[in-house]
Amino acid sequence: DGTLRSALERTQMYARGLTASAAQIASGDFHSVPVSLMISRNSAVTDQMASIRQATFERYSVEKQADGLAKTVHWAHEQNALIQELLRDLCFITLDISSVGATTAMLEKMVVFEDRSLLLKQGSSADGIVKAPNIHIKIELGKVITKWVKIKPYLEAAAAGETADLSDIQLAYVYGEAITGNLAKILDHYTKLLETR
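Keep in mind that what you see is a predicted model, and the values were worked out from it rather than measured. (Residues numbered from 1 in each chain as written. Predicted model: local features only at pLDDT ≥ 70, side-chain atom pairs only at ≥ 80, totals over all residues. Heavy atoms only, no water.)

Participant: Please clarify how the overall build of the protein chain should be interpreted in this entry.
Facilitator: On a plain count of helices and strands, the protein chain comes out with 6 helices and 0 strands. Each helix and strand of the protein chain, placed in order from N terminus to C terminus, yields the pattern α-α-α-α-α-α. Relative to its length of 197 residues, the protein chain is compact, with a C-alpha radius of gyration of 18 Å against a globular reference of 16 Å. Projecting the C-alpha coordinates of the protein chain onto the three principal axes gives extents of approximately 55 × 40 × 25 Å. In the protein chain, which comprises 197 residues, the share counted as buried stands at 38%. For the protein chain, restricting intrachain contacts to residue pairs at least 6 apart in sequence, the fraction spanning at least 24 positions comes to 76%. Of the roughly 10,800 Å² of accessible surface on the protein chain, 56% is carried by carbon and sulfur atoms. One finds the centroid of the 21 positive side-chain charges in the protein chain at a distance of 7 Å from the centroid of its 23 negative side-chain charges. (Helix = DSSP H or I, 4+ residues; strand = E, 2+ residues; numbered from the N terminus. Rg over C-alpha atoms; globule rule 2.2 N^0.38 Å. Buried < 20%, exposed > 50% of the residue type's maximum accessible area, 1.4 Å probe, protein only. Contact = heavy atoms within 4.5 Å. Areas by Shrake-Rupley, 256 points an atom, 1.4 Å probe, with all protein chains shown as cover. Lys, Arg positive; Asp, Glu negative; His and termini not counted. Charge placed at Lys NZ, Arg CZ, Asp CG, Glu CD.)

So, in structure tokens, the structure goes:
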């Protein structure tokens, strides 16, 4: 699709600049220019990717007519994006380079992630979400929820402005990346289900 391809190309352009700014900061350069560029480019990439995911979901759900399964898969994709955003927010807040309102937004994302994790496992007719359809997905969702319980205190502490040790941040990232891995497996299982429809 030409429109989505153009959007991805714009995202790729922003991502190159974002990567360059992040590398500059990672090397110890905390001047206002790379920091402000990273924050603005990060927002641009995040917003653009959210728009692309939504457009793709809308098209796919119409084409597949997947009886709620497409929305469930879309939510699983959104959960994957959300945990990555929370890890980014944790980093920004810890480095004291977050934008105004970042902690409030972080707490709101945490509520969404937690609520959606439970709904993906249990299903919700009100939200059009299908209950986890097989044991493989149930197990992986259980792992997501278990690891979420472990990472949540670190995210809450950062949002509360508490000073964190480097070891705490690293541990939070281990849990976050493990959640990402579980969500990737969940998406693989859902993809196979959609392909058989």
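Participant: Could you clarify how one ought to interpret the packing of aromatic side chains in this entry?
Facilitator: Scanning the model with the defined rule gives 1 aromatic pair in all. On the basis of an interplanar angle of 35° and a centroid distance of 4.7 Å, the ring pair of F113 and W148 is categorised as tilted. Of the two residues, F113 is situated in helix α4 (residues 102–122) and W148 in helix α5 (residues 135–159); the sequence distance between them amounts to 35 residues. Exposure class is identical for F113 and W148. Each is buried. Note that R116 overlies the ring of W75, its terminal NZ or CZ placed 4.4 Å from the centroid. (Phe/Tyr/Trp six-rings, centres within 6.5 Å; stacked < 30°, edge-to-face > 60°. Lys NZ or Arg CZ within 6 Å of the ring centre and 35° of its normal.)

Participant: How do you make sense of the pattern of salt bridges when you look at a structure like this?
Facilitator: Pairs can form between side chains of opposite charge whenever their charged atoms are close. Under the definition given, this model contains 6 salt bridges. Two residues, K152 and E114, come together in a salt bridge whose shortest N-O distance is 2.9 Å. Pair noted here: K152 is in helix α5 and E114 is in helix α4, with a separation of 38 residues, a long-range link. Looking at K152, the relative accessible area reads 23%, which means it is partly exposed. A single network of salt bridges, built from pairs that share partners, joins E85, R88, D89 and K109. (Salt bridge = Lys/Arg side-chain N within 4 Å of Asp/Glu carboxyl O.)

Participant: Can you help me understand the nonpolar core in this one?
Facilitator: Soluble globular proteins: nonpolar side chains tend toward being buried together. Ranked by internal contacts, the top residues of the largest apolar core, which has 32 residues, are L86, M106, F113, W148, L155 and I186. Where this core is concerned, the elements lending two or more residues are α3 (69–94), α4, α5 and α6 (166–195). Looking at which element gives the most residues to this core, the answer is α3, with 10 residues. If you look at the next biggest cluster of nonpolar residues, it comprises 8 residues, including L18, I25, V35 and F92. (Core = buried A, V, L, I, M, F, W, Y, C linked by side-chain atoms within 4.5 Å.)

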